[in-house]
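Single-letter residue listing:
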Amino acid sequence: MPFPSRVARLVVAALAFVVLGPARAQTTAASPPAPEVGRKLIEIYRVAPGQHEAFLRAIALFDEANRRAGVPPRQLYVHSDGASWDFLLVQDADYPEGKGALVGQAFREMQLPGGPRFFTEFRKLLLEHTDTFAAGPTTAAAWLATLDAAPRSRPLDGASAGSLRTYALRDTLALGGAPRWDDLTVDDGARRLYLAHDTAVEVVDLGTRRVVGRVDGLAGAHGIALAPELGRGFVASGDQGTVVAFDLATLQRTHQTKVGGEPDAITFEPTTRRLAVWNGGTSAVAVLDAVSLRELVVVPLGATPELAVADGAGALFVHLGDPAEIARLDVAAAAPRIGARFALPGCESPRGLAFDPQARRLFSACGNGRLLVVDATSGRILDSGAIGRGVDAVVFDAPHARVLAASPEGSVTIFAVSPGGALGAPREVQTRATARTLALDPRDGALWLPAADLELDWSARRAAFAADGLKLYVFEPVAE
């Protein structure tokens, strides 16, 4: 029987049952209490030709890592005939407390790929993949009861959607070169924007919106830190394992020093004039004197560091990978050390991080599509909201009390933030696919997002970066 006919009959039968009820029912029985609704991660895969057995063996290995950590295996559903998705996997959306680190340890013991290597290795087996988080099992009636019981949405202490803005694309700067980029930051005093772009730092005039210079000679440019009071900027040259200092006026390189394995983010601490270089390869942070670039101390972190922010009072906050945490580095101490660690429950692959110095709050973007508001003193989670997946940059706009998160899925999610730390209703700005980093011009409110166009091969179900390289998109706020 054709599939639509089956669905039609099921719908008709269900409607008949709802309207007519069971023929012999004379009394209404008391409803049992509704079961607790769980949260599942549902993944659907279409596997590359000839890779089905390899895919199953890979999933079996991942399940073995889960078993060693005391986590149940994924539930596997197999489609074995016709042209459709091949496999559906169902698992709990969140690891039980403390199990995430054990799973990571099992992956390492079994020498399974992790981090970026996991993506490239596993992706070889796939044509298409999609996933979603779903609450259930439940019923329509139970879910409606939950909605009916919830209060209607209203502004929270002034954090209303009406205080947000809409945006329109106004300028596009063609930078060319390799589609490999990372951090970008604004020097409002000099009206310049700095963008880490593969082998250079691109320097853009915010007024004319034109490239006015470059810092060349880099390899795998990542984090950028500016110290206008020293007339100096710093950039991590990740492939060389070095930090390069450059003159902000001339853009000429002035110093270079080795700092360890895979330097990524860099943070300048203004009260001590110290520079923190967060090294992914050694899971440590090197603290340098920002004037001489002399290494003062190396502090082990116990996990891979991601992005970091300074609080302006002698402390730095950094995202750590597995388990997801925020660590506070007391860089102003005579012997810089980790002063506190804050767990981020429900957060996977934390990346973008922003700070509100007035309220002392952190905004933590998680790779699994969540934004957490964290009290920087106690580590308490104040609120959370849904954002795009894979966010690599978060910006706090203090004059307008809002936070912005850029996702490579092609959107920036914007929340107004109440005085109590609650997030208002989100608003999304459609940007460009791959635009995962973001800078905000504090004067005109423009959003600056680097991205590379994609060329799609539908027959092979593959995508590649376009040959015209990197572009810098400028979105301006517009009146509604």
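Look up: the structure comes first, before these words.
Read on for an overview of the structure. Computed from a prediction, not measured in an experiment: that's the story for all the values here.

With that out of the way, let us pick up the overall build of the chain. Regarding its fold elements, the chain presents 5 helices and 32 strands. Counting all 480 residues of the chain, 44% fall into the buried class. For the chain, the share of sequence-separated contacts (at least 6 apart) that also reach a separation of at least 24 residues comes to 49%. Taken as a whole, the chain presents about 24,100 Å² of accessible surface, with 55% of it coming from carbon and sulfur.

This brings us to the state of the cysteines. As used in these notes, a disulfide is a covalent bond between sulfur atoms, one from each of two cysteines. Using the criterion set out here, one finds 1 disulfide in the structure. With a sulfur-sulfur separation of 2.1 Å, Cys347 is cross-linked through a disulfide to Cys366. Its S-S torsion of approximately -110° makes the covalent link between Cys347 and Cys366 left-handed. One end of the pair, Cys347, is in the loop between β21 (337-343) and β22 (350-356); the other, Cys366, is in strand β23 (residues 361-366), and 19 residues separate them in sequence. On the accessibility criterion, Cys347 (9% relative accessible area) is buried.

Bringing the sheet that holds strand β28 (residues 411-416) into the picture now. As summarised here, the arrangement of the 4 strands in space is β26-β27-β28-β29, forming an open sheet in which the pairing is antiparallel. Of all the strands in the sheet, the pair left with one neighbour each is β26 (393-397) and β29 (427-430). Sheet twist, expressed as the average angle between the axes of neighbouring strands with direction ignored, equals 20°.

Another point: the pairing of β23. Counting buried positions over the 6 residues of β23 gives 6, a clear majority of the element. With antiparallel pairing between neighbouring strands as the criterion, β22 and β23 make up a hairpin whose turn holds 4 residues, including Arg360 at a positive phi of roughly 55°. Where β23 lies against strand β24 (residues 370-375), 6 bridges are found, and the strand directions are antiparallel. In the strand pairing of β24, Leu362 is matched with Val374. Here β23 hands over to β24 after 3 residues, with Gly369 in that stretch at a positive phi of 85°.

Right, let's get into the pairing of β28. Of all 6 residues in β28, 6 are buried, a share of seventy percent or more. The side-chain alternation of β28 yields two buried faces, one formed by Ser411, Thr413 and Phe415 and the other by Val412, Ile414 and Ala416. Hairpin connection between strand β27 (residues 402-407) and β28: a loop of 3 residues separates the two successive antiparallel strands, and Gly410 in this loop has a positive phi of roughly 105°. Relative to β29, β28 runs antiparallel, the two sharing 4 bridges. The residue of β29 that forms the bridge with Ile414 is Arg427.

This next bit is on the nonpolar core. Nonpolar side chains in soluble globular proteins tend to be buried together. Phe55, Phe62 and Phe122 are the most contacted members of the largest nonpolar core, which totals 19 residues. When residues of this core are traced back to their parent elements, those giving at least two are β1 (38-47), α2 (52-68), β3 (87-92) and α3 (99-109). Considering each element in turn, this core owes the most residues, 5 residues, to α2. Excluding residues within four positions of it along the chain, Phe122 makes contact with Tyr45, Phe55, Ala58, Ile59 and Phe62.

Okay, the layout of surface pockets next. Gaps between atoms show up when a probe of the same size as a water molecule is rolled over them. Of the volumes computed, that of the second largest pocket is approximately 1,300 Å³. If you trace the second largest pocket, you find 40 residues lining it, with Leu184, Thr185, Val186, Val309 and Val394 closest to the centre. Taken together, the elements giving at least two residues each to the lining of the second largest pocket come down to β6 (181-187), β10 (221-227), β14 (263-269), β18 (305-310), β22, β26 and β30 (439-440). Ranked by the residues each element gives to the lining of the second largest pocket, the list is headed by β6, at 6 residues.

On to the packing of aromatic side chains, then. Here the structure, examined in full by the defined rule, presents 10 aromatic pairs. Judged by centre distance (5.8 Å) and plane angle (25°), the rings of Phe55 and Phe122 are stacked. With Phe55 in helix α2 and Phe122 in helix α4 (residues 115-123), this pair connects stretches of sequence that are 67 residues apart. Each of the two residues, Phe55 as well as Phe122, counts as buried. A centroid spacing of 6.1 Å and a plane angle of 40° characterise the contact between Tyr194 and Phe246, whose relative ring orientation is tilted. Taken together, the residues span a long stretch of sequence, with Tyr194 in strand β7 (residues 192-197) and Phe246 in strand β12 (residues 242-247) at a distance of 52 residues. Note on Tyr194: relative accessible area 0%, which makes it buried. Seen from the ring of Trp181, Arg436 lies directly overhead, with NZ or CZ sitting 5.1 Å from the centre.

Inspection of every chain in the model, using the stated rule, returns 27 salt bridges. Between Glu64 and Arg68 there is a salt bridge, and its shortest N-O distance comes to 3.1 Å. In this pair, Glu64 and Arg68 are both assigned in helix α2, 4 residues apart and thus about one turn of the helix distant. Note on Glu64: relative accessible area 23%, which makes it partly exposed.

The sheet built from 4 strands is open, its strands ordered β14-β15-β16-β17 with antiparallel pairing. Here the strands that pair on one side only, and so sit at the sheet edges, are β14 and β17 (295-300). Taken over all neighbouring pairs, the strand axes of this sheet differ in orientation by 20° on average, direction set aside. In the sheet, strand β16 (residues 284-289) pairs with β17 via 5 bridges, with the strands oriented antiparallel. Counterpart to Ala284 in the pairing with β17 is Pro300.

Thresholds applied
Residue indices begin from 1 for each chain and proceed along its sequence in written order. With the structure being a predicted model, the display of local features is reserved for residues of pLDDT at least 70 and the display and counting of side-chain atom pairs for 80 or more, all residues being used for whole-chain, interface and lining totals. Water and hydrogen atoms play no part in the side-chain values, which are based on all heavy atoms of the structure. Runs of H or I in DSSP of at least four residues are treated as helices and runs of E of at least two as strands, each being numbered from the N terminus. The rule is simple: take the accessible area with a 1.4 Å probe, protein chains only, and divide by the maximum for that residue type; under 20% is buried, over 50% is exposed, in between is partly exposed. Contact definition: two residues touch when any of their heavy atoms are within 4.5 Å. All accessible areas in this document rest on Shrake-Rupley with a 1.4 Å probe, and a residue is counted as covered only by the protein chains that are shown. Cysteine sulfurs are considered disulfide-paired once they come within 2.5 Å of each other. Between any two strands, pairing holds if DSSP finds at least two bridges. Each axis is a line fitted through C-alpha atoms, and for a helix only the stretch in contact is used; angles between axes span 0 to 180 degrees, taken between their N-to-C directions. Residue types Ala, Val, Leu, Ile, Met, Phe, Trp, Tyr and Cys, when buried and joined through side-chain atoms within 4.5 Å, form a set referred to as a nonpolar core. Any residue with an atom within 4 Å of a point lines the site, the site being either a cavity, points on a 1 Å grid over the protein atoms alone where a 1.4 Å probe fits but cannot get out, or a pocket, an open set with protein on both sides within 12 Å along at least 5 of 7 lines. Grid points are joined across faces, edges and corners, and a volume is the space filled by probe spheres set on the points. Pairing of aromatic rings covers Phe, Tyr and the six-membered ring of Trp, with a centre-to-centre limit of 6.5 Å; geometry is then stacked below 30 degrees between planes, edge-to-face above 60, and tilted otherwise. Both a distance and an angle decide whether a charge sits over a ring: NZ of Lys or CZ of Arg must be within 6 Å of the ring centre and within 35 degrees of the ring normal. Each reported salt bridge corresponds to a side-chain nitrogen of Lys or Arg within 4 Å of a carboxyl oxygen of Asp or Glu.

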